[in-house]
Amino acid sequence: MDIFMPADILLPKNQDFTRWSVVACDQYSSEPEYWERAAELAGNAPSTLNIIFPEAYLNDGNDDARIKRINETMEEYLKADIFEEYKDSFIYVERTQPNGKVRHGIVGRIDLEFYDFSKGSQSAVRATEGTIISRIPPRQRIRKNAPLELPHILMLVDDREKTVVEPVTAKASELQVLYDFDLMQGGGHIKGMLLDEELKESVIKGLHGLEDRDEFDAKYGVKGKDVLVIAVGDGNHSLATAKTCWEEIKKTLSYEEQQNHPARFALVELMNLHDEALEFEPIHRVVFDVDPEQVELALYSYYPQTAETDNGGQKIVITYQGKEKTVYITDAPSNLAVGTLQKFLDEYLATSGGEIDYIHGADVVRGLTEKPDTIGFIVDGMEKNDLFTTVIKDGSLPRKTFSMGEAADKRFYLEAKKIR
């Protein structure tokens, strides 16, 4: 199977990369000031900020006009010939995070025919968390008429023998450097290098090794399960949108046309789960436009076994208006505290109203909940080494269970690919 392949990758030429590159659109969604500062830094220069839709601005009444402008700007950039195209290429990426750790990845294209985000999927490429279907249509409207895609999607392989990315790392000093610059607003540093033919073949060979069924069964102690080769680490809703759009386009094509249509493939960065720099951070919850005390009492009512002393149950920290309390829930319906919490919040919001946001960083939660009519829930993260085994045996995790790093660690938009 050729699941992950070289792509025709676009990079801006003769541009200021720091002004070009901005963080994933779903970050800082409750902090519009971050995006205002990004606009100041980008100024009038070509920037990915002009061809993505920051979710901080979703539903502000200007969605249609913003989407139209995004598509027009993509066309303008293509006509202005600001891109250099690297045909049939992998790009090796070294990302120095704000904490100084360096993570390693390879940019290429995923064949969406191998990906299925539906619950209970047994596809070779799988979502690790539940997909929020309502989040796809807004992204679909953005992608529908776009000539380009820009990835913030990070994919993972459980490559314990280090056969895919690490052989490239070992020869990085021999590769052609395509970019090497500081990311804006404390995002760290990024360096990208073009793989030669030998290393391209090495990457594909390493992935083929992960597809072996006998090795898979032995690694995870399972039988009768379809092989999971690549899991979505970050950006599942963007990948789900690409898949949804492709399924619509596919209906209009002959079998021959489907084989190499650009929309069949999504540009992603592939990483090894066992990269030492890769850390799983919890994703917390903040609920707006509610009475915090009523929400807290509703949680106690929903889970009568909730205790304020450590009874060995799942731990959740509740915070609002400077007050903080830790509660413990025994006999929980989910294996993870975040799943137990989300089950309550889904039902509460459906019946009582309020708006939820998913927040990186406990300090950000505490800051947001200083405001009235707001309550926050802080949860612990999961161990990254449990990810593949859990998804294989139990299916996708509760949505927004974990994050690969803090907001500033997220993938920045940089490379592009044509999808028309």
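This write-up is about the structure you can find in this document.

Rules used throughout
Residues numbered from 1 in each chain as written. Predicted model: local features only at pLDDT ≥ 70, side-chain atom pairs only at ≥ 80, totals over all residues. Heavy atoms only, no water. Helix = DSSP H or I, 4+ residues; strand = E, 2+ residues; numbered from the N terminus. Rg over C-alpha atoms; globule rule 2.2 N^0.38 Å. Buried < 20%, exposed > 50% of the residue type's maximum accessible area, 1.4 Å probe, protein only. Areas by Shrake-Rupley, 256 points an atom, 1.4 Å probe, with all protein chains shown as cover. Contact = heavy atoms within 4.5 Å. Axes fitted to C-alpha atoms, helices over the stretch in contact; angles between N-to-C directions. Left-handed = near helix turned anticlockwise from the far one by under 90°. Nonpolar A, V, L, I, M, F, W, Y, C, P; charged D, E, K, R; others polar. Salt bridge = Lys/Arg side-chain N within 4 Å of Asp/Glu carboxyl O. Phe/Tyr/Trp six-rings, centres within 6.5 Å; stacked < 30°, edge-to-face > 60°. Lys NZ or Arg CZ within 6 Å of the ring centre and 35° of its normal. Pairing = 2+ DSSP bridges. Core = buried A, V, L, I, M, F, W, Y, C linked by side-chain atoms within 4.5 Å. Patch = residues over 30% accessible without salt bridge, like charges linked within 9 Å, V, L, I, M, F, W, Y side chains within 5 Å. Lys, Arg positive; Asp, Glu negative; His and termini not counted. Charge placed at Lys NZ, Arg CZ, Asp CG, Glu CD.

Section: the overall build of the protein chain
From N to C terminus, the protein chain includes 13 helices and 21 strands. The C-alpha atoms of the protein chain give 22 Å as radius of gyration, which agrees with the globular expectation for 420 residues (22 Å, within 12%). Here the C-alpha coordinates of the protein chain stretch approximately 60 × 55 × 45 Å along the principal axes. The buried share among the 420 residues of the protein chain stands at 56%. Only carbon and sulfur atoms are counted for the fraction: they give 46% of the accessible area of the protein chain, which is about 18,000 Å².

What about the side chain of R139?
Within the secondary structure, R139 sits in helix α4 (residues 136-144). With relative accessibility at 13%, the residue R139 sits in the buried group. Once you skip the residues sitting within four places of it in the chain, R139 turns out to touch D26, E55, H237, S238 and T241.

Looking at the packing of α4 against helix α8 (residues 236-250)
Following both chains from N to C, one finds α4 and α8 inclined at 65°, their axes separated by 9 Å at the closest point. For the pair α4 and α8, the sense of crossing is right-handed. Facing I136, R139, Q140 and R143 of α4, the residues of α8 in contact are H237, S238, A240, T241, A242, T244, C245 and E248. Taken together, the residues of the contact of α4 with α8 sort by class into four nonpolar, five polar and three charged.

Focus: the pattern of salt bridges
Under the counting rule described, the total for this entry stands at 33 salt bridges. K87 serves as the salt-bridge partner of E85, at 3.6 Å between the closest nitrogen and oxygen. In this structure, K250 and E113 form a salt bridge, with 3.0 Å as the shortest nitrogen-oxygen distance. Of this pair, K250 sits in helix α8 while E113 sits in the loop between β5 (102-111) and β6 (115-116), placing them 137 residues apart in sequence. You can call K250 buried: its relative accessible area is 17%. When its relative accessible area of 34% is taken as the criterion, E113 is described as partly exposed. Through salt bridges with shared partners, a single network forms among K68, R69, E72 and E76.

Describing the environment of L336
Note that L336 resides in the loop between β17 (323-329) and α11 (337-352). Residue L336 is classed as partly exposed on the basis of its relative accessible area of 24%.

Here we look at the packing of aromatic side chains
Tallying each qualifying case throughout the model produces 14 aromatic pairs. Centroid distance F17 to Y179: 5.9 Å. Interplanar angle 45°. Geometry classified as tilted. Remark: Y179 occurs in strand β10 (residues 176-182) and F17 occurs in helix α1 (residues 17-20); sequence separation between them is 162 residues. In this structure F17 comes out as buried when scored by relative accessible area, which is 15%. Seen from their ring centres, Y34 and W35 are 5.5 Å apart, and the 75° between their planes marks the pair as edge-to-face. Accessibility assignment for this pair places Y34 and W35 in one class, buried. The aromatic ring of F53 is capped on one face by R66, whose charged end is 5.4 Å from the ring centroid. Over the ring of F265 we find R109; its NZ or CZ atom is 4.1 Å from the centre of that ring.

Quick notes on the pairing of β10
Of the strand pairs in this sheet, β10 and strand β11 (residues 189-194) are connected by six bridges, and their pairing is antiparallel. Counterpart to V177 in the pairing with β11 is M193. Between the end of β10 and the start of β11, which pair antiparallel, lie six residues, with Q185 showing a positive phi angle near 55°.

Brief notes about the side chain of R264
When you line up the elements, R264 lands in the loop between α9 (255-258) and β13 (265-272). Excluding its chain neighbours within four sequence positions, the residues that come into contact with R264 are I110, D111, L112, E113, W246, Q258 and Q259.

Brief notes about the environment of A42
Within the secondary structure, A42 is located in helix α2 (residues 32-42). Look at A42 and you get buried, because its relative accessible area is 3%. Aside from chain neighbours lying at most four places away, what touches A42 is R19, S47 and L49.

Quick notes on the environment of Q176
Locating Q176 in the fold gives a position in strand β10. Q176 sits in the partly exposed class, given a relative accessible area of 45%. Sequence spacing of Q176 and L195 is 19 residues, and the spatial spacing of their C-alpha atoms is 7.7 Å. If sequence neighbours within four positions are ignored, Q176 has contacts with G192, M193 and L194.

Let's talk about unusual backbone geometry
The phi dihedral of D81 falls on the positive side, at around 60°, and the residue is not glycine. Here D81 is to be found in the loop between α3 (63-79) and β3 (83-89). Its identity is not glycine, yet Q321 carries a phi of approximately 45°, on the positive side. Topologically, Q321 is positioned in the loop between β16 (314-320) and β17.

Here's the deal with the nonpolar core
F4, M155, I230 and L387 are the most contacted members of the largest nonpolar core, which totals 59 residues. Excluding residues that lie within four positions of it along the chain, F4 makes contacts with F90, I106, V107, G108, R109, I110, V203, I204, L207, I230, V268 and L270. The next biggest cluster of nonpolar side chains, apart from the first, holds 48 residues, and it includes C25, L49, F53 and L414.

Brief notes about a negative patch on the surface
Negative charge collects at one region of the surface, where D289, D291, E293, E355 and D373 lie side by side. Position of E355 relative to the elements: it lies in strand β18 (residues 355-360).

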